[in-house]
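Chain and residue survey
Residues per chain are reported as follows:
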Amino acid sequence: MREGTCTANGAARLVSVMLVVAMLVTLVGLALPARAQQENDPEIVEALTLINTWRGWLGIAPLTIDPALQKAAEAHVEYYRLNFGDPALSGMGLHYETPGKPGFTGESFQDRVEAAGYPGWANENAGLSGSMIWSTIWFIGTVGHRLTLLDPRYTDVGLAAIDDGKIKFEIIDLGAKKWTDQATPEWTAWPPHGATGVGASFDGEAPNPFPNASFPVGYPITLKYFGTGDLTPPAASISSGGVAVPSFSSIGSGWLTRKTIQLAANKPLAQGKRYDVHIEGTANGQRFVRDWSFTTTTGDDQLDLPGAARFAPSPAQPPAIPVEQLPPGVRAADSLAQRLWWDTDGAVASGQVERSWLWGPDTWTAANEPYVESSNGDRQSYYFDKARMEVNDATAEKSGFITAGLLVRDMIYGKAQVGIATFEDRAPADVPLAGDEKPFNPDAPTYASLRDIASIEADRSVPPRPGAPIREVLSADGSISTNDALGGMASYGSYESPLGHNVAAVFDIYLAGLPNDWMMSVGLPLTEPYWVRTNLKGAPRWVLVQAFERRVLTYTPDNQPGWQVEMGNVGRAYYTWRYGVLPPGR
């Protein structure tokens, strides 16, 4: 944990840091890696419910998910995943990112929340347990981490986690749009009066609130003052059954722990026993006395406050879609397609963000296409420049939902998917990977050029090459050569182990900044990144391309910033391949 200041927008912002130590790929049958869990993930919902229940016990308003904090938390979890094993990501380094590394969104957590659009003061808890719930329970049993979760000045939150083999990481970003030195309630005591199932011991945290203690000690007791003025050193004691329990106390000296009375027994508390706390002193020159009690866990019970209600979160309601702002094709589409387009490309259309399209400015064709598992044998599809949205029937597990077609995989493989395991044989797509369409770009590498090197068959993985320059050039006949002159323009970044491919670092950064889970819209990489020579508006250019299951990503170094990385026109290419005609004009 760090206590200090961070300056942003010309104002000193006080911050603290906390620390604690199927979909299946149809053709090859490998499970996807875990990704940052979204705000509606059951474990994250439960963790936030616990935090808000504890806050409610003390009369503190609940935290609510803020989209910017959620984006910042998920982006930092993705950065951790992409850079797992980096020695800098240890200790306090867990809260920092290194500029230029895959997934970088900001050096400090304050930088990251501001980059995500949050206009206030931030704080961060981090865990390495593999469970957001477990880390949250650990936080409440500490001093510093607890104080952040129970601070009434924080009103907003974002939570994200990943549990993927050795990669285990949890982030809680808290925020206050307005900061004050005082808050209501004026006093917060933990554990609260009457609590049961309270922990018996404490093994410390960083920084250490009890530097002279010999751990383990008893469960830490805190009494935080949010009023005006200062506290004087108190008289504080713990007893059980009228017998004093040897203990020690202090007033915290850091920014986070100041005006906090910290009390603990010299040794772990006994299980299943009631303990009484007495604290008296002066606050702002006025004498105060606080007496309360709690009961430790029996080993079989959980932290509870008998008679107190558990926080009941309201079902999340997405903001209404401004239908009048939708382009004509999307306006006429299914409501699920409208929602997905608006949540991902609406901000591009309105000029709120400067990046390339995820789907495209509008859908230009709606079609009912064969799909064996659909109730009537086909399903509604919407073609965009960059991809195809598919509206799927409701199942026993979920209501109707949208998928993004595995179009790139199909075009390379030469098989059009018309069911979960049903395909129509076709030739691999003789359609350019990037640039102008085939009649105007006859010599450019195509999807068919990748047939013998893409991971549409097993055993086409390559070793990791993080940081190495990308010099490989793909030709139309599928051969690979090298061009050293191109090596200074891009480098390899993360490594996706399921299929064994490197991702270009520029694509890592782009994917980390997308407004949704990019695995849903992009998929796993099927190839390495390659330079290709292709015509763009009739002029030959060098473009870096990489094929993923659902998309092709392109990097054109001499494009304008914000448009150097783009989604290839996969929707248009697939339509041409499947139906044998060029799609409608743009």
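**Details of the overall build of the protein**
Assigned secondary structure in the protein consists of 11 helices and 31 strands. Structurally, the protein occupies a C-alpha span of about 90 × 55 × 45 Å along its principal axes. Carbon together with sulfur atoms contributes 53% to the accessible area of the protein, which is approximately 24,100 Å² in total. Across the protein, the mean location of the 46 positive side-chain charges is 2 Å away from that of the 64 negative side-chain charges.

**So, the confidence of the model for the protein**
With 92% of its residues at a pLDDT of at least 70, the protein reaches an overall mean of 89. Throughout residues 1-37 the model reports pLDDT below 50, and contacts reaching past four residues in sequence, or to other chains, amount to 139 contacts.

**Comments concerning the pairing of strand β29 (residues 539-547)**
Across seven bridges, the pairing between strand β28 (residues 530-536) and β29 is antiparallel. Bridge assignment links Leu 536 to a residue of β29, and that residue is Ala 539. What sits between β28 and β29 in their antiparallel hairpin is a turn of two residues, with Lys 537 showing a positive phi close to 55°. Pairing of β29 with strand β30 (residues 552-555) involves four bridges; the strand directions are antiparallel. Directly across from Val 545, in β30, lies its bridge partner Thr 554. Connecting β29 to the antiparallel partner β30 that follows it, the hairpin turn spans four residues.

**A short note on the nonpolar core**
Ranked by internal contacts, the top residues of the largest apolar core, which has 71 residues, are Trp 341, Trp 359, Met 389, Ile 412 and Tyr 447. With residues up to four places along the chain from it excluded, the contact list for Met 389 reads Ala 337, Leu 340, Trp 341, Trp 359, Gln 380, Ser 381, Tyr 382, Phe 384, Ile 402 and Thr 403. Residues Leu 50, Ile 140, Tyr 225 and Trp 292 belong to the second largest nonpolar core, which totals 33 residues.

**Some details on the packing of aromatic side chains**
What the rule picks out here adds up to 19 aromatic pairs. On the numbers, 6.1 Å between centres and 25° between planes, the contact of Tyr 275 with Phe 294 is stacked. With Tyr 275 in strand β16 (residues 274-283) and Phe 294 in strand β17 (residues 286-296), this residue pair connects regions lying 19 residues apart in the sequence. Among the aromatic residues, those joined into a cluster by ring pairs are Trp 364, Tyr 383, Tyr 574, Tyr 575, Trp 577 and Tyr 579. The residue whose ring lies beneath Arg 379 is Tyr 371, and the NZ or CZ to ring-centre distance is 3.6 Å.

**Focus on the side chain of Glu 472**
Positionally, Glu 472 belongs in strand β24 (residues 472-474). Overall, Glu 472 belongs to the buried group, its relative accessible area being 13%. The contact partners of Glu 472, leaving out residues within four places of it in the chain, are Arg 465, Ile 480, Ser 481, Thr 482, Tyr 492, Tyr 530 and Trp 531.

**Focus: the sheet that holds strand β15 (residues 260-265)**
Taken in spatial order, the four strands make up an open sheet running β7-β11-β15-β14, and their pairing is antiparallel. Looking at which strands have only one partner, the edges of the open sheet turn out to be β7 (187-190) and β14 (247-251). Strand after strand, the sheet turns through a mean of 10° between neighbouring axes, direction not considered. When β14 meets β15, the two strands line up antiparallel, connected through five bridges. Paired with Ser 250 across the bridge in β15 is Gln 262.

**A word on helix α1 (residues 42-57)**
With 16 residues, α1 extends 22 Å between its outermost C-alpha atoms, agreeing within 8% with the 22 Å of an ideal straight helix rising 1.5 Å per residue. Among all positions of α1, only Ile 44, Ala 47, Leu 48, Thr 49, Leu 50, Ile 51, Asn 52, Thr 53, Trp 54, Arg 55 and Trp 57 are buried. If you follow the buried residues of α1, they end up packed against β3 (64-65), α4 (132-140), α5 (144-149), β5 (156-164), β6 (167-176) and β7. The N-cap residue of α1 is Asp 41: its side-chain oxygen and the backbone nitrogen of Glu 43 are 2.9 Å apart. Two residues or fewer after α1 comes Gly 59, characterised by a positive phi angle close to 80°.

**Points about unusual backbone geometry**
Excluding glycine, residues mostly carry a negative phi; peptide bonds, for their part, are mostly trans. For the peptide bond that leads from Thr 184 to Pro 185, omega is 5°, which places it in the cis range. Positionally, Pro 185 belongs in the loop between β6 and β7. Put simply, Phe 215 and Pro 216 share a cis peptide bond, and its omega is 5°. Within the secondary structure, Pro 216 is located in the loop between β9 (201-202) and β10 (217-218). Positioned with a positive phi, Lys 259 is a non-glycine residue whose angle comes to about 60°. With respect to the secondary-structure elements, Lys 259 resides in the loop between β14 and β15.

**Thoughts on the pattern of salt bridges**
Counted under the stated rule, the structure contains 27 salt bridges. Measuring nitrogen to oxygen at the nearest pair gives 3.1 Å for the salt bridge that ties Glu 280 to Arg 287. Classification of Arg 287 by relative accessible area gives exposed; the value is 60%. Taken together, the salt bridges that share partners define one network made up of Glu 369, Arg 379, Arg 388 and Glu 390.

**A short note on the sheet that holds strand β19 (residues 378-383)**
Judged by pairing direction, the sheet is antiparallel, and its four strands sit side by side in the order β18-β19-β20-β21 without closing on themselves. The sheet is open, and its two edges are formed by β18 (365-370) and β21 (401-404), each paired on a single side. Sheet twist, expressed as the mean angle between neighbouring strand axes with direction ignored, is 30°. The pairing of β18 with β19 spans six bridges and is classified as antiparallel.

**So, the environment of Ser 129**
With respect to the helices, strands and loops of the structure, Ser 129 is situated in the loop between β4 (121-127) and α4. Separated by 39 residues in sequence, Ser 129 and Lys 168 have C-alpha atoms that sit 6.2 Å apart. Sequence-distant contacts of Ser 129, defined by excluding residues within four places in its chain, comprise Trp 134, Ser 135, Lys 168 and Glu 170. Polar contacts involving the side chain of Ser 129 include one to the side chain of Ser 135, which spans 2.8 Å.

**A closer look at the packing of α1 against α4**
In contact at an axis separation of 8 Å, α1 and α4 are set at 20° when each is read in the N-to-C sense. Looking at the two axes, α1 sits roughly parallel to α4. Every pair of crossing elements has a handedness; the one defined by α1 and α4 is right-handed. Across from Glu 43, Ile 44, Glu 46, Ala 47, Leu 50, Ile 51 and Trp 54 in α1, the residues of α4 making contact are Met 132, Ile 133, Thr 136, Ile 137 and Ile 140. Its residues assigned to classes, the contact of α1 with α4 shows nine nonpolar, one polar and two charged.

The rules behind the values
- Position labels on residues start from 1 in each chain and follow its written sequence.
- Local features in this predicted model are restricted to residues whose pLDDT is 70 or higher, and side-chain atom pairs enter the listing and the counts only when it is 80 or higher, whereas totals over whole chains, interfaces and linings include all residues.
- Hydrogens and waters are ignored; side-chain quantities use all the structure's heavy atoms.
- Labels follow the DSSP assignment, with helices taken as runs of H or I lasting at least four residues and strands as runs of E lasting at least two, numbered in each case from the N terminus.
- Methods summary: accessible areas were calculated by the Shrake-Rupley approach with a probe of 1.4 Å, and residue burial reflects only the protein chains presented.
- Neither His nor the chain ends contribute to the count of charged residues, in which Lys and Arg are positive and Asp and Glu negative.
- Charge positions come from single atoms, namely NZ of Lys, CZ of Arg, CG of Asp or CD of Glu.
- Note: pLDDT gives the predictor's confidence per residue, expressed from 0 to 100.
- By the convention used here, residues are in contact when the closest approach between their heavy atoms is within 4.5 Å.
- The pairing criterion is simple: DSSP has to find at least two bridges between the two strands.
- In this description, a nonpolar core means a group of buried Ala, Val, Leu, Ile, Met, Phe, Trp, Tyr and Cys residues linked to one another through side-chain atoms lying within 4.5 Å.
- Throughout, exposure labels follow a simple rule: accessible area from a 1.4 Å probe, protein chains only, divided by the maximum for the residue type, with under 20% read as buried, over 50% as exposed, and the rest as partly exposed.
- The aromatic pairing rule takes the rings of Phe, Tyr and Trp, using the six-membered ring of Trp, and pairs them if the centres are within 6.5 Å, calling planes under 30 degrees apart stacked, those over 60 edge-to-face and the rest tilted.
- When the NZ atom of lysine or the CZ atom of arginine is within 6 Å of a ring's centre and also within 35 degrees of its normal, the charge is said to sit over that ring.
- In this description, a line fitted to the C-alpha atoms serves as the axis of each element, helices being fitted only across the stretch in contact, and the angle between N-to-C directions of two axes falls anywhere from 0 to 180 degrees.
- Expected helix span is given by 1.5 Å per residue-to-residue step, counting one fewer step than there are residues.
- Counting of polar contacts relies on pairs of N or O atoms within 3.5 Å, with two restrictions inside protein: one atom must be capable of donating a hydrogen and the other of accepting it, and residues adjacent in sequence are counted only when both atoms are side-chain atoms.
- Should a side-chain nitrogen of Lys or Arg be within 4 Å of a carboxyl oxygen of Asp or Glu, the pair is scored as a salt bridge.
- Every angle not falling under 35 degrees, over 145, or within 65 to 115 is termed oblique; those three ranges are roughly parallel, roughly antiparallel and roughly perpendicular.
- Handedness of a helix crossing follows the sense of rotation of the near helix relative to the far helix, less than a right angle counterclockwise being left-handed and clockwise being right-handed.
- Gly is put with the polar residues, along with every residue not named as nonpolar or charged; the nonpolar set is Ala, Val, Leu, Ile, Met, Phe, Trp, Tyr, Cys and Pro, and the charged set is Asp, Glu, Lys and Arg.

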